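Topology and contacts: notes
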There are 2 protein chains.
Amino acid sequence: MSATSVPQAAPAPLVMAAPTDAPDDAFHVFDTTLRDGAQREGINLTVADKLTIARHLDDFGVGFIEGGWPGANPRDTEFFRRAREEITFRHARLVAFGATRKPGVRAADDPQVRALLDAQAPVVTLVAKSHDRHVELALRTTLEENLAMVRDTVSFLRENGRRVFVDCEHFFDGHRANREYATQVVRAAHEAGADVVVLCDTNGGMLPGQVEEVVRAVHADTGARLGIHAQDDTGCAVANTLAAVDGGATHVQCTANGYGERVGNANLFPVVAALELKYGRRVLPEGRLAEMTRISHAIAEVVNLTPSTHQPYVGLSAFAHKAGLHASAIKVDPDLYQHIDPERVGNTMRMLVSDMAGRASIELKGKELGVDLGGDRELVGRVVERVKERELRGYTYEAADASFELLLRAEIEGRARRYYRVESWRAIAEDRPDGTHANEATVKLWAKGERIVATAEGNGPVNALDRALRVALERIYPQLAGIKLTDYKVRILEGNLGTGSITRVLVSSSDETGEWSTVGVGENVIAASWQALDDAYAYGLRRAGVEPQE
Amino acid sequence: MSATSVPQAAPAPLVMAAPTDAPDDAFHVFDTTLRDGAQREGINLTVADKLTIARHLDDFGVGFIEGGWPGANPRDTEFFRRAREEITFRHARLVAFGATRKPGVRAADDPQVRALLDAQAPVVTLVAKSHDRHVELALRTTLEENLAMVRDTVSFLRENGRRVFVDCEHFFDGHRANREYATQVVRAAHEAGADVVVLCDTNGGMLPGQVEEVVRAVHADTGARLGIHAQDDTGCAVANTLAAVDGGATHVQCTANGYGERVGNANLFPVVAALELKYGRRVLPEGRLAEMTRISHAIAEVVNLTPSTHQPYVGLSAFAHKAGLHASAIKVDPDLYQHIDPERVGNTMRMLVSDMAGRASIELKGKELGVDLGGDRELVGRVVERVKERELRGYTYEAADASFELLLRAEIEGRARRYYRVESWRAIAEDRPDGTHANEATVKLWAKGERIVATAEGNGPVNALDRALRVALERIYPQLAGIKLTDYKVRILEGNLGTGSITRVLVSSSDETGEWSTVGVGENVIAASWQALDDAYAYGLRRAGVEPQE
């Protein structure tokens, strides 16, 4: 069957540039957070979320980012278009996910296969059935036709210049049920030109010994380059992934923080850490492993899930030691009580439950912000206390660098220097008898010695408040017009009190030259939002070179 | 050194009765939730908590419950006294934990060792150093004296009728550093009469292959019965525990839900499930595995941690299916997409309703809710369309079963049957000139033909709205008093429009007999919260048997 027997629209050309600093091809770290990870219950990613996560994954240094299933839903199609236009990848290649052609049609005629080309990603992962019962019951076709579907689709994509990986779904169960057929599927994919054939434990029921044995056998039977895709239903996904590597796999599919359907997927971070630190195998670009903790937490923020405090390597508790027995020994030699130096993964040892921010990290952060605190122990101590006290009340500075810098500068300068002084504000949300909504806010403030009262409407009370603040200040600080709010996230803390909980708001803002994030905490969403907005404008005006003057 | 060379108070007699239905001694499931699990950051157990957890663990059918370190703190001492008096164990034997005698004293003269006898537990676990550097740096004694400490303490406890297990701390690191010495410690414990020598990966840095190899080697070198105690710092504690069993260990130390220091310990539940369901080895009394999900959640409640939704086997999401592809195949044969039947561990399959889902998942979901939609293709089609249309607008039903059921019933009954009709509402949030906050809401509604206006204050505008609604309705629907809001989550969608984004609110509610979740979406947090509250009360009143009547 040839792709040229009927006239076709020319496939979309590949316009995406290769990443500038791609890792060695000998071992693949393949991330599927944006595709399989999004199957986790409670995760619902917007295109903007997916772009942000792709940037974080590229920053971390994975070799491949599976972005979604173009054509299957409009969101994924749009993701590939915008990723192409908006992101310059340094390390990663973008991967489009899709299925082998339908039974009984040519690959070139299957719209789902063509959508994979239209996504213009340089790599395509094709899911293929490899378990005989699944072919017959779920796919409702013959075993022979399924092999043809694999061969045709791989060949068609290869002819169109794509690199192809094939995910053999339910491989391990299939290999147990019908070893001969499962092996034939691998051979078909391999011979048609797939670079890697990925053995998937789709139902997640395997244990490491079984995985290693099967990978070894399939490698011996086919000679194909093999990958592993493990689900965590037995709590062994990380170990299963490493067992596959022991058995000869050189391609590991994982998700950030182990997000994924049911229990989840193999967690990218402990897999990569084990490969680098326990196997001594370089799988990330130089220096990226030390970014692991930060990136894990940043991705959790984007998907709006609390970062797991007990996640291996990157959790807040991962290197936390209860004081007492261990304390004196740790002073003698921390290696006695830690399996690795936490700094290798960007985490820190903590000796006390309350010790959320150590001196060293404050100093490092200061340095990052261009403020050398090394000489002033008393100042650093004051900042540590201040951060601890505020984190106890629900603030978080990990995702709010700008608020942290304002806090730091207030300590250095002895007071918070602001641009205006607020007398009062009020926000009203109303659902009227005629069915219309109204949202209105009023602010009263002093700026440069002048008292200003402004009112504005918005599509919600926070939006109205934001607009009223801008109306009040636009004449005195015209620079505010260049500051945009780009993201707004709300999290309810201690959420077991019904609507009477503490609220934390994170706001991202941008101007022409960059982005910054601020945090606000309060007993309700309006008060918390106000704080975060207030910080956002204070930081933005400072960036714009405006001198504070109340 | 003899225990009779100096007159001593007679050791406390063993008054504890043997459990009535103890598991076979050939394989030990040993739980240390109450001792090592309590080291988890954020866990702080009272004696009453410990007694309750011990009852749950005995109910589950573990063979041994390590209750704490008697003598080390008054709480643990009291626990052993009360457990003896208050609990009749059916399956488990209680274990006291302690250390080998101090250097240079007789075991009989070491108050810490005597406290172990006073606890009157039939079994004692002794922690011993087995890593040469730890002996020298942390214990500050000679390698020879450490061996004598092991021998003497084991012998003394055996002479006093106790069964003894020895935990070799830092064993795997010690075996790598000085294999000869680590092996000598095992031999010393074994020869002195310890029933089991437990190899501990105290720092948690091991991987399964290493664990299996070391266990096998030690078994060959010493002939001792071996156990395993794994920490989860590499994310492999479950796999490491099973690897030790593969290497010949017949005693596994675990904690409920994997609680423990730093990342945690090997999780009891997936270890036991793997042994029973994957290895085909009976390690619990008949019928107890099916209690696993309930017991996991009950223990989480006692330690006051939210049960992990993504825990293998027992998590709420562990058998939740989201992808539409899967749903149609699950209708054919659920075993195609599940590694085990969830009922074997007391869990249930759940279909998540989302825009990835099609007709099949809607039908399965209807069945779950007790509504058979199988016969009505047109109705199912309408519901699918309705769900898709609403999910496009930002709704999510996978975390809002109650809102989905209301939607489903509205389609079946041809209209939404409500309990009241809202004319208008208004919420005001204010930051006053004197620095105080005010949050006030007013609702105007009709219920059972009556027009009601009510106003209330709250700690935020949503809380005020909730209270005003309850004030308005409390006379007409007194059942509302039994409905509590238990959780409240806010998510901003398409969060790239500044504060002008769409807001989604999820509310969890409960009454005396159960919990339910509802969703609201709007252009602001107040409007979205109002919807979610409205659904929460409609569903709660329906549960309470109240007939809808506007």
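Just so it is clear, the structure is predicted and the values come from calculations on it, not from any experiment. (Residues numbered from 1 in each chain as written. Chains lettered and ligands numbered in written order. Predicted model: local features only at pLDDT ≥ 70, side-chain atom pairs only at ≥ 80, totals over all residues. Heavy atoms only, no water.)

1. A few points about the side chain of D31 of chain A
All names here are of chain A. Within the element layout of this structure, D31 appears in strand β1 (residues 28-31). Look at D31: it is buried, it has no salt bridge, and the nearest opposite charge is R35 at 9.6 Å. Setting aside chain neighbours within four positions, we find D31 in contact with L57, V62, F64, I65, E66, C254, T255, A256 and L268. (Helix = DSSP H or I, 4+ residues; strand = E, 2+ residues; numbered from the N terminus. Buried < 20%, exposed > 50% of the residue type's maximum accessible area, 1.4 Å probe, protein only. Lys, Arg positive; Asp, Glu negative; His and termini not counted. Salt bridge = Lys/Arg side-chain N within 4 Å of Asp/Glu carboxyl O. Contact = heavy atoms within 4.5 Å.)

2. With respect to the interface of chain B and chain A
The interface is formed by 101 residues belonging to chain B together with 102 residues belonging to chain A. If you look at where chain B meets chain A, you find zero salt bridges. Where chain B meets chain A, there are 19 residue pairs in polar contact (both at pLDDT 80 or more). Tallied by class, residues from the side of chain B that touches chain A come to 42 nonpolar, 31 polar and 28 charged. Pairing analysis gives seven bridges linking strand β9 (residues 421-431) of chain A to strand β11 (residues 421-431) of chain B, with the strands arranged antiparallel. Bridge pairing in β11 of chain B links E430 of chain A to R426 of chain B. (Polar contact = N/O pair within 3.5 Å; in protein donor to acceptor, adjacent residues only side chain to side chain. Nonpolar A, V, L, I, M, F, W, Y, C, P; charged D, E, K, R; others polar. Pairing = 2+ DSSP bridges.)

3. Points about unusual backbone geometry
Positive phi is not limited to glycine here, since Y313 of chain A has a value of about 70 degrees. Residue placement: Y313 of chain A occurs in the loop between α11 (292-303) and α12 (325-332). In this model, H170 of chain B sits at a positive phi of 50 degrees, which is unusual for a non-glycine residue. Considering the arrangement of structural elements, one finds H170 of chain B in the loop between β5 (163-169) and α6 (171-177). Residue classification places H170 of chain B among the buried residues on the basis of a relative accessible area of 0%.

4. Quick notes on the domain arrangement of chain A
All names here are of chain A. The domain boundaries assigned to chain A delineate domain 1 (28-303) and domain 2 (320-392). The distance between the C-alpha centroids of domain 1 and domain 2 comes to 38 Å. In this assembly, domain 1 packs against domain 2 so that about 570 Å² is buried in total across both faces, 57% of it on carbon and sulfur atoms. Sorting the residues of domain 1 by area buried against domain 2 places L277, K278 and T293 first, and these three jointly supply 69% of that buried surface. Inspection of the domain 1/domain 2 interface yields zero salt bridges. (Domains from an automatic or database assignment. Buried area = accessible area lost by both parts, 1.4 Å probe.)

5. Some remarks on the pattern of salt bridges
Residue and element names in this part refer to chain A. In the structure shown here, the tally under the stated rule is 74 salt bridges over all chains. Between R101 and E145 there is a salt bridge; the shortest N-O distance is 2.7 Å. Here R101, found in the loop between β3 (93-99) and α3 (111-118), pairs with E145, found in helix α5 (residues 143-159); they are 44 residues apart in sequence, far enough to count as distant. Residue R179 pairs with D221 through a salt bridge whose shortest N-O separation is 3.0 Å. With R179 in helix α7 (residues 179-192) and D221 in helix α8 (residues 208-222), this pair connects stretches of sequence that are 42 residues apart. You can call D221 partly exposed: its relative accessible area is 31%.

6. Section: the sheet that holds β3 of chain A
All names here are of chain A. Taken together, eight strands build a closed barrel; the order of strands is β1-β2-β3-β4-β5-β6-β7-β8 and the barrel is parallel. For this sheet the average axis-to-axis angle between neighbouring strands, irrespective of direction, equals 25 degrees. One ladder, built from four bridges, connects strand β5 (residues 163-169) with strand β6 (residues 196-201); its direction is parallel. For V166, the partnering residue across the bridge sits in β6 and is V197. Sitting on the sheet, helix α1 (residues 47-60) is in contact with β1 and β2 (64-68), with an inclination near 170 degrees to β2. (Axes fitted to C-alpha atoms, helices over the stretch in contact; angles between N-to-C directions.)

7. Details of the sheet that holds strand β11 (residues 450-457) of chain A
On the basis of which strands lie adjacent, the open sheet formed by six strands has the order β11(A)-β10(A)-β9(A)-β11(B)-β12(B)-β13(B) and antiparallel pairing. A single partner strand is all that each edge strand has here, and the edge strands are β11 of chain A together with β13 (450-457) of chain B. Averaged over all adjacent pairs, the angle separating strand axes in this sheet is 10 degrees, with direction ignored. In this sheet, strand β10 (residues 437-447) of chain A lies alongside β9 of chain A in antiparallel orientation, the contact comprising 10 bridges.

8. Focus on the UniProt feature "domain: Pyruvate carboxyltransferase" (unreviewed entry) in chain A
The UniProt record marks residues 27-290 of chain A with the feature "domain: Pyruvate carboxyltransferase" (unreviewed entry), using the residue numbering of this structure. End C-alpha to end C-alpha, residues 27-290 of chain A measures 20 Å, and it is 44% helix and 17% strand. (UniProt positions renumbered as here; feature names shortened; annotations may be inferred.)

9. Brief notes about helix α3 (residues 111-118) of chain B
All names here are of chain B. A large share of α3 lies buried, amounting to six of its eight residues. Residues Q112, V113, R114, A115, L116 and L117 constitute the buried set of α3. In this structure, the buried side of α3 is in contact with β3 (93-99), β4 (123-129) and α5 (143-159). Backbone nitrogen of Q112 and a side-chain oxygen of the N-cap are separated by 2.9 Å at the start of α3; the cap is D110. Once α3 finishes, Q120 follows within two positions and takes phi at roughly 60 degrees, a positive value.

10. A short note on the side chain of S317 of chain B
Looking at the element boundaries, S317 of chain B is found in the loop between α11 (292-303) and β9 (320-321). Judged by relative accessible area, S317 of chain B falls into the buried class, the value being 2%. At 2.5 Å, the side chain of S317 of chain B forms a polar contact with the side chain of E41 of chain A. Look past the residues within four positions of S317 of chain B in its chain and what remains in contact with it is E41, R262 and V263 of chain A together with T309, H310 and R350 of chain B.

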